[in-house]
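Analysis of the macromolecular model
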Amino acid sequence: MNNPALSDQIIAKIRTTSEVSQVLSCLEKFVETFLSSPSESDKEQLFKELPQEIAAILSASFAHQDSTPENYILVKREIDELVDRLRKCESIQLTIAFKPDDPTLTLFSDWVKKNVKADTLLDLSYNAEIVGGAILIAGGVFKDYSIRKNLANRFQIQRDEIVKLLS
Amino acid sequence: MKTFDYYLTTNEEIGFVQACNQSIVYTNGLPKATLQELVVFENGEMGVILSMSRDQVEILLLSKSSIKAGMKVSRTGVKQEIPVGFELLGKTINPFGQPLSVEKTAESPKISRPIDISPSGINTRKRIEQSFETGVTMVDMLVPLGKGQRELVIGDRKTGKTSFLYQTILKQATLGTICIYAGIGKKKTDIKKIEAFFHNTGIENNTIIIATSSEDPAGVIYLTPYAAMTLAEYFRDEGHDVLVVMDDLFTHAKFYREIMLIGRRFPGRNAYPADIFYTHARLLERAGNFVLANGTEHAITCLPVVESVEGDIAGFIQTNLMSMTDGHIYFDMDMFTKGTRPAINPFVSVSRVGRQTQSPLRLSLSRELLSFLTLHRRLESYSHFSAEAGSGVKRTLAVAEKIYAFFTQGANEVKMLDLQIIIFCLLWIDHWQYTSTMEKDIATMNQVYKNSMEAQTLTKDLINSVNSLNELLLSIRKNLDKILNVFGIQEVKVGNI
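Because the structure is a prediction, the values reported are computed rather than measured. (Residues numbered from 1 in each chain as written. Chains lettered and ligands numbered in written order. Predicted model: local features only at pLDDT ≥ 70, side-chain atom pairs only at ≥ 80, totals over all residues. Heavy atoms only, no water.)

Focus: the overall build of chain B
Condition: Put simply, DSSP marks the helices as runs of H or I at least four residues long and the strands as runs of E at least two long, and each gets a number from the N terminus on. Categorising residues by exposure relies on relative accessible area from a 1.4 Å probe, with only protein chains included: less than 20% of the type maximum marks a residue as buried, more than 50% marks it as exposed, and the intermediate range marks it as partly exposed. The criterion used for residue contact is that any of the two residues' heavy atoms lie within 4.5 Å. His is not counted, nor are the chain ends, whereas Lys and Arg count as positive and Asp and Glu as negative. Note that the charge is assigned to NZ on lysines, CZ on arginines, CG on aspartates and CD on glutamates.
In terms of helices and strands, chain B carries 16 helices and 19 strands. By its C-alpha atoms, chain B is 85 × 45 × 40 Å across when sized along the principal axes. Every one of the 497 residues in chain B was classed for burial, and the buried ones make up 55%. When contacts within chain B are restricted to residue pairs at least 6 apart in sequence, long-range pairs at least 24 apart make up 73% of them. In chain B, 53 side chains carry a positive charge and 53 a negative one; their mean positions are 2 Å apart.

Description of the interface of chain A and chain B
Which entries qualify depends on this criterion: In this description, buried area is defined as the sum, over both parts, of the accessible area (probe of 1.4 Å) that is lost when the two are combined. The rule for a salt bridge is simple: a side-chain nitrogen of Lys or Arg has to be within 4 Å of a carboxyl oxygen of Asp or Glu. Definition of a polar contact: a pair of N or O atoms within 3.5 Å, with one able to donate and the other able to accept a hydrogen when the atoms are protein atoms, and with sequence-neighbouring residues admitted only if both atoms are side-chain atoms. Residue polarity follows a fixed list, in which Ala, Val, Leu, Ile, Met, Phe, Trp, Tyr, Cys and Pro are nonpolar, Asp, Glu, Lys and Arg are charged, and the others, Gly among them, are polar.
Of the residues lining the interface, eight residues belong to chain A; the matching set on chain B comes to nine residues. When residues of chain A are sorted by the area they lose upon contact with chain B, A:Ile137, A:Gly140 and A:Phe142 head the list and together hold 61% of the total. Where chain A packs against chain B, one counts one salt bridge. Across the salt bridge formed by B:Glu12 and A:Lys143, the nearest N and O atoms sit 2.7 Å from each other. At the boundary of chain A with chain B, the tally comes to three residue pairs in polar contact (both at pLDDT 80 or more). Counting residues per element, the side of chain A that touches chain B draws most heavily on strand S4 (residues 141-146) of chain A, at three residues. When grouped by side-chain class, the residues that make up the side of chain A that touches chain B number three nonpolar, three polar and two charged.

A look at the packing of helix H12 (residues 417-428) of chain B against helix H14 (residues 453-464) of chain B
Residues and elements named next belong to chain B. Under the convention used in this document: Under this scheme, a helix contributes an axis fitted over its contacting stretch, all axes are lines through C-alpha atoms, and angles between N-to-C directions fall in the 0 to 180 degree range. The scheme is simple: roughly parallel for angles under 35 degrees, roughly antiparallel for over 145, roughly perpendicular for 65 to 115, oblique for anything else.
It is the contact of H12 with H14, at a shortest axis distance of 10 Å, that shows an interaxial angle of 70 degrees. It follows that H12 is roughly perpendicular to H14 by the angle criterion. Here Asp-418, Leu-419, Ile-421 and Ile-422 of H12 lie close against H14, whose contacting residues are Thr-459, Lys-460, Leu-462 and Ile-463.

What to know about the side chain of B:Ser366
Residue and element names in this part refer to chain B. On the secondary structure map, Ser-366 appears in helix H10 (residues 360-379). Polar contacts involving the side chain of Ser-366 include one to the main-chain carbonyl oxygen of Met-141, which spans 3.2 Å. Residue contacts for Ser-366: discarding those within four places in its chain leaves Met-141, Leu-142 and Arg-355.

Focus on helix H2 (residues 17-33) of chain A
Residue and element names in this part refer to chain A. Our working definition: Given a helix with a known number of residues, its expected span is that number minus one, times 1.5 Å. As used here, the arc belongs to the directions running from the helix axis to the C-beta atoms.
In a regular helix each residue adds 1.5 Å, so 17 residues correspond to 24 Å; H2 covers 25 Å between its end C-alpha atoms and thus fits that length. Those residues of H2 not exposed but buried are Glu-19, Val-20, Val-23, Leu-24, Cys-26, Leu-27, Phe-30 and Val-31. Summarising the axial view, the buried residues of H2 lie within an arc of 165 degrees, below the 170-degree limit, and thus occupy one face. Seen from the open side of H2, the exposed residues pointing more than 90 degrees away from its buried face are Glu-28 and Glu-32.

Some thoughts on the packing of helix H7 (residues 276-284) of chain B against helix H8 (residues 316-324) of chain B
For any two helices packed against each other, one specifies the inter-axial angle together with the distance between the axes. All names here are of chain B. Put simply, the test is: Two helices crossing with the near one rotated counterclockwise from the far one by less than a right angle form a left-handed crossing, whereas a clockwise rotation gives a right-handed crossing.
The interhelical angle for the contact between H7 and H8, taken along N-to-C directions, is 35 degrees, at an axis separation of 10 Å. The handedness of the crossing between H7 and H8 comes out as right-handed. Facing H7, whose interface residues are Ile-276, Phe-277, His-280, Ala-281 and Leu-284, H8 presents Phe-316, Ile-317, Asn-320, Leu-321, Ser-323 and Met-324. Residues belonging to the contact of H7 with H8 are distributed by class as follows: eight nonpolar, three polar and no charged.

Quick notes on a positive patch on the surface
All names here are of chain B. Which entries qualify depends on this criterion: To count toward a patch, a residue needs a relative accessible area above 30% and no salt bridge. Like charges then connect within 9 Å, nonpolar side chains (Val, Leu, Ile, Met, Phe, Trp, Tyr) within 5 Å. All accessible-area figures derive from a Shrake-Rupley calculation using a 1.4 Å probe, and residue coverage is judged against the displayed protein chains alone.
On the surface, a cluster of positive charge is contributed by Arg-157, Lys-158, Lys-187 and Lys-193. For Lys-193, the location among the structural elements is in helix H4 (residues 188-200). Its relative accessible area of 54% is what places Lys-193 among the exposed residues.

So, unusual backbone geometry
In most cases, non-glycine residues show a negative phi, while peptide bonds are predominantly trans. All names here are of chain B. Residue Asp-247 is joined to Asp-248 through a cis peptide bond whose omega torsion reads -10 degrees. You can see Asp-248 is positioned in the loop between strand S15 (242-247) and helix H6 (249-262). In this structure, the amide linkage connecting Arg-341 to the following residue, Pro-342, adopts the cis form with an omega of -5 degrees. Within the secondary structure layout, Pro-342 lies in the loop between helix H9 (333-338) and strand S19 (350-351). A positive phi angle, near 55 degrees, is found at Lys-158, a position not held by glycine. Its location among the elements puts Lys-158 in the loop between strand S12 (152-155) and helix H3 (161-174).

Some details on the sheet that holds strand S2 (residues 24-27) of chain B
Strands in a sheet are paired, the pairing made by backbone hydrogen bonds, and the direction either parallel or antiparallel. Residues and elements named next belong to chain B. Our working rule: Whether two strands pair depends on DSSP finding at least two bridges between them.
In spatial order, the strands read S1-S2-S5-S4-S3-S6; together these six strands close into a barrel with antiparallel pairing. Strand-to-strand, the axes of this sheet are offset by a mean angle of 45 degrees, without reference to chain direction. With four bridges connecting them, strand S1 (residues 15-21) and S2 associate as antiparallel partners. Across the sheet, residue Val-17 finds its bridge partner in S2, namely Thr-27.

Re the environment of B:Asn412
Within the secondary structure, B:Asn412 is located in the loop between helix H11 (391-407) and H12. Sequence separation of B:Asn412 and B:Gly135 is 277 residues, and the distance between their C-alpha atoms is 9.5 Å.

Rendered as structure tokens:
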């Protein structure tokens, strides 16, 4: 039952830290109710809240397992490993000026996974005040690529020029 | 200080508070942080980096307002600094150079210096050769100090330590030394008293009070003596002799212990952290006699104070400080309750470098005096048998009584050493039959000396013309009439000791 490919599959499909929280809470519920939910459909129901692709992978891996104590031990061990791996994922905080639709979010996530690290997640937040562009925080490094910052810099240069002319 | 946003966009580094325990905060991020660097939280509060691990930074808070988990923190790129300059003279400031008195917010200095630095090396130091006057006769005669010496002032509460410090500051400020008083976790009323004393005695312009009250955050209290030493180094580099009084390092050690215990450092003896010795030694090592780049010699004399409990001078911090200073002056509670002022115990007090600064005359005087006091101490037990005691014992006891009366000095009263030497010689040749007459005459002589140029010249001439106590005694016998005449005191039959 030990399946290292499972965590890779899940991590490849998870895009944001909020999705990680959702997955973790579903897995917790699944483990709690494993012995008390006899049918496969009951078990699948638990994963319904998750994004479709992730739900499909988890259902395929765990939902068909019979609710026996022996299976419980094996499932729990595998889920614990998955949870551990998910908790260790690094994240990049990204502040943008708009709420992205699903394809855009996937585009962002794919770019990050390809260019940074396969298990890097996005911690998205929205702030209309930055006008456009993005603010990035990763590993304690802060980068402000927002339009607000650009405009502030330009205004500052102009202010300095005016002060120079006046003085 | 600039805002959090300014530092964030300038340094482009951020951390998030993970845990907070009283004055210690743990954050992640800040990849290029360095030790002792100042950091700023998003609410504007400051902190200083205490230690770092691979994924965590330990920060000591410099404020008392609450920091919450998840708060953002940014590096400032600067170490803790204090503004230094002559503008600070006469002011009462905190360890960041901000004035504590509202009415004294005049211009602030433009230059800043780091608070905690490594002490200067041996190549910048020179042997202590100039004597340092405290204005307290007992100290100047029996436990003499030198410029650049670190002398521990130790004693129980209410034994006159502060009065001694006041007298020393008063004397030194009058001589042109810049005096820095570091009040560590003091009561606000005590700081006001010191301010008032400096103001009333007119030495404000040669003094700086750098103070923290017990209400301040532990991190700020901890920085107080380091900031004082930084100020002292500035004035030394500007070509001034400096006196730093640290009142007191026992409180400093207690606050450092508090910080380190919260920071989960392993507690050692008396729960102090293992590096408590280093903490104080690296501070006191910054004092000394220095040769500047231009070849001039300037000293930072340091008087750290430590409180003893129930006369126990063998405590952990007390003995640590004794071993890292060049001697100690011990204020004895028993002597204080017996009425001796100052209550300095000359037998327990030590000066390791002060004697090398003394002239041959002062050395021989000090030796003679100390051996006499030792003799008196041994004979003191015979004072119970007043009638049966021999004439030699009686005579010794009578002279000792006069000597202790001669040493008696009121709080805030500063004595001129040259005059004290002359007075002592008069006492030594048995000029005064009664202690009461002696006390009256001493008061007159002090008064005359202050106002009469002739008295000052005569005193100097007498002292400068001789090399030992015996020579001076002879000279005084010869010129006795003149001395009595100049000082306007009555002639009394001179005996012999």
